[in-house]
Amino acid sequence: MTVGAGEPQDVVGPVIRPRRLRRTPALRRLVGETTVQAGQLILPVFIREDISEPVPISSMPGVVQHTRDSLRAAVSEAADLGLGGVMLFGVPSSKDATGSGAIDPTGILNLAINDAVAEVGDALTVMSDLCLDEFTDHGHCGLLTADGEVDNDKTLAAYADMALAQAEAGVDMVGPSGMMDGQVAVVRRALDAAEHSRVGILAYSAKYASAFFGPFREAVGSSLEGDRRTYQQDPGNVREGVREALLDVAEGADIVMVKPALAYLDVVRRVREAVDVPVAAYNVSGEYAMIEAAAAHGWIDRDAAVLETLTSIRRAGADVILTYWAADAARLLAR
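Please read all numbers here as calculations on a predicted model, not as lab measurements.

Caption draft 1: Region of the structure containing the pattern of salt bridges. This model, assessed by the stated rule, comprises 13 salt bridges. The salt bridge partner of D115 is R68, with a shortest N-O separation of 2.6 Å. With D115 in helix α3 (residues 108–120) and R68 in helix α2 (residues 68–80), this residue pair connects regions lying 47 residues apart in the sequence. Here R72 ties to D69 by a salt bridge, and the two come within 2.6 Å at their closest N and O atoms. Taken together, the positions of R72 and D69, both in helix α2 and 3 residues apart, correspond to about one turn of that helix. According to the relative accessible area criterion, D69 is exposed, its value standing at 57%. Salt bridges sharing partners connect three or more residues here, namely E77, E292, R302, D303, D328, R331 and R335.

Right, here's the structure in full:
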């Protein structure tokens, strides 16, 4: 029999209908594979010396360089929101060739650690960047030789001293981020020898020489000229990132990290499969700035894009995410 135009046709529907599990919000929550929770998020915070009020960072809308007073308010809010922690970065008023302000107990970063710990106690994990780049007048992450090369082993000695200064200030976890060979082992030995074995290490294990770090340079007032390609990784290398993470685990890292996140989700996955410690990913300044700029032009739904971005990083395998959206995301998730 021929079915005429406009007459209904028999349609044999599918037996397997995945859409059944998408029908209602409750069903979608029930079968959700990847979740983002406030306790998995770390808020990076910049503290600047010699300012009387927070200073906006033009390339990172909504992010500021904090005073010590506004830092206290920020970490208190982070604790109230249930965030996993904060990562502190110091912005000193003066710099020198050796980054001596990083080791000075009265330097801005060490004072900020003390302020944050005094404000929140154990309610929030207080972490600190362990690197010299914010404190050196040349802007590199280590000490330089006479011909301008970064001296790996002399830098390690400085990192050990910096770790001890941060531990004495009360930090919960240090974040060696300079990509010096052997940095985790040196920091772990120094901490343990000084009876700071409680202090953990979040190792910046696979940190790439990325174009997405641009706004961060403004945030910390970087003095860098040139680049960091002799110590940060080539963006095309995956195996090298996994190798670096495995080395850091062997040297005593408690958490390993991939930085940046979005352009390196494959590296996050490979590292997650290779190690048996928590994996972090840093949703960096350039990634933040791109979405904020697109949202400001009305081109995307900002809040939806923020949560989708963080979900993608979790889906790739990150247990912990450092993100400038940490507080905003916690509020969105609580709705």
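Caption draft 2: Focus on the packing of aromatic side chains. A full pass over the atoms with the stated rule returns 9 aromatic pairs. Relative to Y264, the ring of Y208 has its centre 4.3 Å away and its plane inclined at 20°; by these criteria the two rings are stacked. Of this pair, Y208 sits in the loop between β7 (200–207) and α6 (214–219) while Y264 is found in the loop between β8 (255–259) and α8 (265–274), placing the two residues 56 residues apart along the sequence. Of the two residues examined, Y208 and Y264, each falls in the buried class. Judged by centre distance (6.0 Å) and plane angle (50°), the ring pair of Y282 and Y324 falls under tilted.

Reading the values: rules and limits
- Residues numbered from 1 in each chain as written.
- Predicted model: local features only at pLDDT ≥ 70, side-chain atom pairs only at ≥ 80, totals over all residues.
- Heavy atoms only, no water.
- Salt bridge = Lys/Arg side-chain N within 4 Å of Asp/Glu carboxyl O.
- Helix = DSSP H or I, 4+ residues; strand = E, 2+ residues; numbered from the N terminus.
- Buried < 20%, exposed > 50% of the residue type's maximum accessible area, 1.4 Å probe, protein only.
- Phe/Tyr/Trp six-rings, centres within 6.5 Å; stacked < 30°, edge-to-face > 60°.

It is worth stressing that arrangement in space is one thing and function is another; only the former is reported here.
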